[in-house]
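Breakdown of the fold
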Amino acid sequence: MLATPRASPSPRLFSAAIHNFSLRPSSNTASSVPFHVVRCHFSSTAARMAPPKSAYGFLDFVNASPTPYHAVATSAALFEKAGFKLIRERDNWASVVQPGGKYYLTRNGSSIVAFAVGGKWKPGNPIGMIGAHTDSPCLRVKPASKRNAHGFLQVGVELYGGGIWHTWFDRDLSVAGRVLVKDGDGIFVQKLVKVDKPILRVPTLAIHLHRQSNFDPNKEDELLPIVGLVEKELNKPAAAEAAAAPEENAEADADFQPLKAMTERHHSQFLSVVASAAGISSASDIVDFELILYDTQPSCLGGLNDEFIFSARLDNLNMTYCSVMGLINSVSSNSSLENDTSIRLVSCFDHEEIGSLSAHGADSNLLPAILRRLSVIPSLNADSTETTPISETAFEQTLATSFLVSADMAHSVHPNYAGKYETNHRPEMNKGTVIKVNANQRYATNSPGIVLLQEVAKRAKVPLQVFVVRNDSPCGSTIGPMLSAKLGVRTLDLGNPQLSMHSIRETGGSWDVEHAIGLFKGFLEMYGGLEAKIFID
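Here we summarise the structure given alongside this text. Because the structure is predicted, anything quoted here is derived from the model rather than measured.

The strands that make up a sheet are held in pairs by hydrogen bonds between backbone atoms, and each pair lies either parallel or antiparallel. The sheet built from nine strands is open, its strands ordered β2-β3-β4-β14-β5-β15-β19-β17-β18 with mixed pairing. Edge strands, defined here as strands with exactly one partner in the open sheet, are β2 (85-86) and β18 (464-467). Sheet analysis places strand β17 (residues 433-436) next to strand β19 (residues 490-495), joined by three bridges and oriented antiparallel. Note on β19: the bridge partner recorded for I435 is L494. Running over the sheet, helix α2 (residues 68-81) touches β2, β3 (102-107) and β4 (111-117) and is turned about 20 degrees from β4. Packing of helix α8 (residues 314-330) onto the sheet brings it into contact with β4, β5 (127-133), β14 (343-349), β15 (403-407) and β19, and relative to β5 it is tilted by some 150 degrees.

Further remarks concern the environment of L59. In this structure, L59 sits in helix α1 (residues 53-63). Linking L59 and S311, residues 252 residues apart in sequence, is a C-alpha distance of 8.3 Å.

Once that is clear, we can look at helix α10 (residues 366-375). Counting buried positions along α10 yields seven of 10 residues, so the element is predominantly enclosed. Listing the buried residues of α10 in full gives L366, L367, P368, I370, L371, L374 and S375. The elements touched by buried residues of α10 are β3, β4, β5, β14, α11 (394-401) and α13 (479-487).

To continue, consider the pattern of salt bridges. Taken as a whole and judged by the stated rule, the model has 14 salt bridges. Linking E220 and K142 is a salt bridge whose minimum nitrogen-to-oxygen distance equals 3.0 Å. Within this pair, whereas E220 is found in the loop between β9 (188-194) and β10 (226-229), its partner K142 is found in strand β6 (residues 138-149), the two being separated by 78 residues in sequence. E220 sits in the partly exposed class, given a relative accessible area of 41%. The closest approach of N and O atoms between R171 and D295, which form a salt bridge, is 2.6 Å. Of the two residues, R171 is situated in the loop between β7 (152-160) and β8 (173-182) and D295 in strand β11 (residues 286-295); the sequence distance between them amounts to 124 residues. Judged by its relative accessible area of 21%, R171 is partly exposed. Residue D295 is classed as buried on the basis of its relative accessible area, which comes to 6%. Beyond isolated ion pairs, a larger network of salt bridges with shared partners links D170, D172 and R201.

Here the focus is the packing of α8 against helix α14 (residues 510-530). Look at α8 against α14: their axes get within 8 Å of each other, and the N-to-C directions meet at 45 degrees. Looking at the two axes, α8 sits oblique to α14. For the element pair α8 and α14, the recorded crossing hand is right-handed. Contacts from N318, M319, Y321, C322, S323, M325, G326, L327, N329 and S330 in α8 reach V513, A516, I517, F520, K521, L524 and E525 in α14. The residue inventory of the contact of α8 with α14, partitioned by class, reads 10 nonpolar, five polar and two charged.

Here is what the cut-offs are and how they apply
Residues numbered from 1 in each chain as written. Predicted model: local features only at pLDDT ≥ 70, side-chain atom pairs only at ≥ 80, totals over all residues. Heavy atoms only, no water. Pairing = 2+ DSSP bridges. Helix = DSSP H or I, 4+ residues; strand = E, 2+ residues; numbered from the N terminus. Contact = heavy atoms within 4.5 Å. Axes fitted to C-alpha atoms, helices over the stretch in contact; angles between N-to-C directions. Buried < 20%, exposed > 50% of the residue type's maximum accessible area, 1.4 Å probe, protein only. Salt bridge = Lys/Arg side-chain N within 4 Å of Asp/Glu carboxyl O. Parallel < 35°, antiparallel > 145°, perpendicular 65-115°, else oblique. Left-handed = near helix turned anticlockwise from the far one by under 90°. Nonpolar A, V, L, I, M, F, W, Y, C, P; charged D, E, K, R; others polar.

Laid out in structure tokens, this is it:
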């Protein structure tokens with residue numbers, strides 16, 4: 001029998017379900033509403049099999065993060081609670097970032113970088129880094145989504161990434177993302193929005209009308225959600241029409257729109273629902289939006305002993321959460337950071353699923369620009385307030401001594417398709433994080449990196465596994481190889497094992513969350529001391 005759903009133990013922590021951001025140069029106070037996490041899990045009589053608290057923490061995180069924008073806002077809330085200070089790329093860091101400090105920044109609201117500077121940091125010293133990504137394959141609402149067909153209202157969507165698209169059929173879908181509105185001061189403000197009820201569905205064709213054994217829908221014409229009936233649109237209340245229409249008495253020059261009005265490009269009722277969820281008084285106030293479809297079924301624990309996580313977006317919010325918590329846990333002890341000679345950094349990028357080539361993807365200047373600024377942070381002389389001289393090659397020295405862990409989910413062995421896996425490389429769930437190796441550099445792992453991580457795992461007492469794809473099988477890739485080539489930094493690829501990667505509903509191991517957090521915590525704490533011991537020039 002299903003256990004009674006329990007509320008989150010810390011609902012305020014992720015109150016960024018509706019979170020406002022301003023395009024003003026100065027910061028803006030965010031308004032928020034709490035969200036409620038539903039945990040559906042089977043009870044277990046074996047106390048030793050009870051899942052760790054970190055598994056529930058991940059459920060809170062992923063349920064609050066249906067989009068990269070929400071994932072960044074939720075991560076920022078975690079960093080804020082842990083004492084990290086928000087800084088901005090546009091500002092001068094010279095008098096702000098100092099040894100012993102903890103900081104985070106965002107770019108585009110969909111990528112986030114956080115770091116803690118060791119108390120004994122010196123310019124040119126190493127930086128231990130973990131890189132993950134905030135995006136997942138999904139359906140995104142088109143800029144002009146208004147569609148009508150045979151009495152149905154439909155919403156045009158665009159495919160993002162390489163999803164298993166047939167899994168999106170017959171699911172209870174809704175939308176989330178960000179909307180841009182113009183406030184009373186003429187400033188364009190970003191608001192995060194999450195419509196909490198199902199409003200869309202992509203229906204399958206009845207088997208009676210489709211006898212073929214294969215299911216390969218046309219991605220433009222047959223992967224199209226329904227959102228309502230035309231009669232409801234025609235007969236909607238006059239008040240809704242008035243709210244969606246522009247003011248008739250506005251000045252002519254104010255009425256001019258270079259693009260068609262939002263109410264012409266999208267169903268007015270759809271806009272009204274989005275506006276209401278965003279706390280906007282009128283749909284006509286929406287200037288633009290970026291909305292993503294998501295499955296409204298909450299992530300939960302499953303299996304006879306709660307050993308599984310049934311969830312959307314395991315790839316790659318599982319690694320995003322573990323990276324964030326690994327950094328936070330690594331600085332929970334002040335003495336640990338005070339005695340560190342390195343910088344501990346986590347970077348979670350958008351757009352990995354589509355190649356990372358964007359202004360805020362891993363193939364941008366985001367990480368190189370931050371590393372350049374960090375490499376020259378002065379260290380305070382213990383005997384005076386004077387700083388030590390900074391070498392002109394501090395940036396290059398830092399890159400040569402740094403290390404990047406590229407954290408992206410891995411494949412668990414599938415019991416029904418074991419033949420698809422290389423015989424000696426079949427990772428299992430809850431048996432530890434998986435080191436990913438590929439001779440053709442689809443992954444950036446090499447032997448020195450394996451030795452380093454193995455030493456970290458040994459000291460942290462967490463298990464590891466290793467994965468190599470079959471020679472007759474294609475191999476995916478990650479941000480690891482591109483950042484390794486761009487920076488010249490030693491890199492290793494790894495991830496927690498999962499099934500159904502890129503499905504709308506994926507499966508992972510509840511204990512692997514704990515394994516990865518412990519591994520990342522140990523890596524960030526130990527790297528400054530281990531770096532010189534595993535050196536190959």
